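If you want the building blocks of each chain, they are given just below.
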Amino acid sequence: MRVLGIETSCDDTGVAIYDYNRGLLANYKYSQGILHSKYGGIVPELAAREHVNRIISLILSALRKVNSNHKNSINGIAYTAGPGLIGSLLVGATVARALAYAWKIPAIGVHHMEAHLLAPMIENINITKIIKFPFISLLVSGGHTQLVLVKSMGEYKILGESLDDAVGEVFDKIAVLLGLKYPGGELLSKIAQTGSERYKFPRPMVNKPGFNFSFSGLKTAVARVIMSSSNDQQTRADIAYSFQSAVIETLIIKCRRAISQNRVKQLVVSGGVSANTVLRSNFEKMMHSIKGRLFIPKLEFCVDNGAMIAYTGLMRLQSELYTNNNSNNGNLSIIVKPRWSLESLSKI
Ligand code: KG4
Ligand code: ZN
């Protein structure tokens, strides 16, 4: 089976083709970072319009890469149905449904966070045989911070989540205050490389039981230090380093707790922030110290991409589990879900 995946939940247009036997065959992406950077954040209407401008040429590139005349080589189309920005989601959903109708193949709406969660498996479909259920998943993106107990494929229990800003969002906001361009998570981590922990920022909610997060207090604490400090390069590097340490340590404390309370030894960390190299190595050390195993996507599959949508769509189309309202090719209704809980997937 071969699936065309389309990702348009936010500001990246991603298109990929995934084959069950041969793996990832094509993976193309257009990032709108430059378009939004002058506004310091994503402008939803501009994002949707830019998806319209880019999506067809990306699909054509992907089809060309696999020498496909699509009609007989693509067996299904997966698109991000939510959560995300409604205008952006509608672009991908409309194109996917129209193509599926024309090619007489099924189209399926994929949950963006489930796709992030499964991203470590893109490179090696056999990981599904290595990962033992249940396991814990930490999802850290620009829109979500969630700790999830994965009971089986498609069966998720949210143990905790951020009560306010998502981790990626805080990285981006602090980056703006440090004078970096949006989206600044990666740039912030770069300047942190020459910093040290000169400031001891709070590790929010680590002394409270449970698994929820809250990052707005930390954001305010860091913002205060930025406002009252000199703007020299070393100070900015030290602030970036200290902020990054506070976030990563907080995430590690909560993950360790989830791992020990649920008596599991396997952890998946994914979503855009899992591209952070310090986060990756600190989680690796932590899992090594408890003789557990960490699964983390390759860098290009941490941030939004079409490959994770194609892979998740393939898994869902192949499984009887996923006869949800989206997989019927005769159904032309375009349904997107800007808000969509991972837990509700188990109930389909
Ligand atoms: O998963 P993603 O591509 O989009 C959403 O679904 O939100 O995540 C994007 C987020 C942005 O906030 C971005 O700044 C952050 O991931 N990010 C990073 C790094 N690379 C991307 N944050 C910290 N360190 C990085 N290296
Ligand atoms: Zn994402």
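Residues numbered from 1 in each chain as written. Chains lettered and ligands numbered in written order. Predicted model: local features only at pLDDT ≥ 70, side-chain atom pairs only at ≥ 80, totals over all residues. Heavy atoms only, no water.

Caption draft 1: Looking closely at the packing of helix α9 (residues 233-261) against helix α10 (residues 277-289). The interhelical angle for the contact between α9 and α10, taken along N-to-C directions, is 30 degrees, at an axis separation of 10 Å. It follows from the interaxial angle that α9 and α10 lie roughly parallel. Handedness of the crossing formed by α9 with α10: right-handed. Residues Q244, I248, L251, I252, C255, R256 and I259 of α9 form the contact with α10, whose own contacting residues are V278, L279, N282, F283, M286, M287 and S289. Taken together, the residues that form the contact of α9 with α10 break down as 10 nonpolar, 3 polar and 1 charged. (Axes fitted to C-alpha atoms, helices over the stretch in contact; angles between N-to-C directions. Helix = DSSP H or I, 4+ residues; strand = E, 2+ residues; numbered from the N terminus. Parallel < 35°, antiparallel > 145°, perpendicular 65-115°, else oblique. Left-handed = near helix turned anticlockwise from the far one by under 90°. Contact = heavy atoms within 4.5 Å. Nonpolar A, V, L, I, M, F, W, Y, C, P; charged D, E, K, R; others polar.)

Caption draft 2: Representation of the site of ligand 1 in the model. Ligand 1 sits among 18 residues. The nearest are H116, G142, D172, G272 and D304. The side chain of N276 places a nitrogen or oxygen atom 3.1 Å from a nitrogen atom of ligand 1. Separating an oxygen atom of ligand 1 from a backbone N or O atom of D304 is a distance of 2.9 Å. Elements that contribute at least two residues to the shell around ligand 1 include exactly α4 (112-118), α6 (167-177) and α7 (185-192). (Near = heavy atom within 4 Å. Polar contact = N/O pair within 3.5 Å; in protein donor to acceptor, adjacent residues only side chain to side chain.)

Caption draft 3: Representation of the sheet that holds strand β3 (residues 23-31) in the model. Strand order in the open sheet formed by 5 strands is β3-β2-β1-β4-β5, with mixed pairing between adjacent strands. Every other strand in the sheet has two partners, leaving β3 and β5 (107-111) as the edge strands with one partner each. Averaged over all neighbouring strand pairs, the angle between strand axes comes to 20 degrees, with direction disregarded. Sheet topology places strand β2 (residues 12-19) next to β3; 8 bridges connect them, and they run antiparallel. Looking at β3, one finds that G14 is bridged to K29. Lying over the sheet, helix α11 (residues 306-318) contacts β1 (2-7), β2, β3, β4 (76-82) and β5, oriented at roughly 130 degrees with respect to β1. (Pairing = 2+ DSSP bridges.)

All quantities given are derived from atomic positions and should not be read as evidence of function.
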